[in-house]
Amino acid sequence: STAVNMPQLNTNVIMSSLTIQSGTATLTLGGYNLTLSSFTNGGNLILNGSEAVTSAPNNLAGSSVTYVGSGSVLVFSTWTYNNLVINGATGNFQDPATGSLNVQQAFTVFAGTFTQNTLPITVSSYTQTGGVFVGGAAPMTLSGNFGLSGGATFYAPTQALTFNNGNLTTNSGSVFNPQTGTVV
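For every chain, the first residue of its written sequence is number 1, and the numbers climb from 1 along that sequence. Confidence filtering applies because this is a predicted model: local features only for residues at pLDDT of at least 70, side-chain atom pairs given and counted only at 80 or more, and all residues used for totals across whole chains, interfaces and linings. As a rule here, side-chain values cover all heavy atoms of the structure and leave hydrogens and water aside.

A.B. asks: I tried to follow the sheet that holds strand β5 (residues 38–41) on my own but got confused; where do I start?
C.D. replies: Backbone-to-backbone hydrogen bonds join strands into a sheet, with any given pair of strands oriented parallel or antiparallel. With respect to topology, three strands assemble into an open sheet ordered β2-β5-β7, the strand pairing being parallel. Two strands close off the open sheet at either side, each with one partner strand: β2 (17–20) and β7 (58–59). DSSP-based pairing: two strands are paired if at least 2 bridges between them are found. Strands here are runs of E lasting at least two residues and helices are runs of H or I lasting at least four, both read from the DSSP assignment and numbered beginning at the N terminus. Pairing between β5 and β7: two bridges, direction parallel. Counted as the bridge partner of N41 is N59 from β7.

As structure tokens, this is what we get:
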């Protein structure tokens, strides 16, 4: 990337406040904990998902949170995401048992398996170019476009998958499986 400062933690960090600047600025936690009382994300926060982050970030418009972990990873449900990216080839990313998953802009799966479990998911748009999405026993609502490509496999939630606007696009090599749910 072209950002001037793209630090990666190499130890647990304690600080009062943190701002990741808008644009291409990136902070990679790399498995280390981040203890702070105020957190603004305008760029991209990259984490494995095993880290403790004591303050949910204020994710500004255009910002991203990218999970790149391997093994079993819980996606933070108490956070409101602008752009949520799942990109861990050997990761099993899961919603925790309570809360909801709110993505204001785009939810993108590049690699790994994302399992919805029982949390409702509300997103603006959904794009999957690889990996597997396993819908759970809760609805998923989209207000924008939905696209599958590049060998992606999507198993819809067993409750409703609702499209409020936008288009559903699946390309050669991708799999859309509605399971037993309702696609509206």
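A.B. asks: What exactly am I supposed to notice about the environment of T24 here?
C.D. replies: Positionally, T24 belongs in the loop between β2 and β3 (26–28). Spatially, the C-alpha atom of T24 lies 7.1 Å from that of N44, the residues being 20 residues apart in sequence.

A.B. asks: Help me out: how do you make sense of the nonpolar core in this one?
C.D. replies: As a rule of thumb, nonpolar side chains are buried together in soluble globular proteins. The term nonpolar core refers to a set of buried residues drawn from Ala, Val, Leu, Ile, Met, Phe, Trp, Tyr and Cys, joined through side-chain atoms within 4.5 Å. Buried residues are those whose accessible area, probed at 1.4 Å on protein chains only, stays under 20% of the maximum for their type, while exposed residues exceed 50% and partly exposed ones sit between those limits. Judged by nonpolar contacts, the single largest core of 40 residues is most densely connected at Y67, Y81, F107 and Y126. Broken down by element, this core gets its largest block of residues, five residues, from strand β12 (residues 101–115).

A.B. asks: How should I be thinking about the side chain of N41 in this particular structure?
C.D. replies: Its place among the elements puts N41 in strand β5. A polar atom in the side chain of N41 sits 3.0 Å from the backbone nitrogen of G43. Only heavy atoms matter for contacts: two residues are in contact if any of them lie within 4.5 Å across the pair. With near-sequence residues (within four places) excluded, N41 lies in contact with I20, P57, N58, N59, L60, S63, S64 and V65. Any N or O atom pair separated by 3.5 Å or less is treated as a polar contact, with the protein-specific requirement of one donor-capable and one acceptor-capable atom, and with residues adjacent in sequence counted only for side-chain atom pairs.

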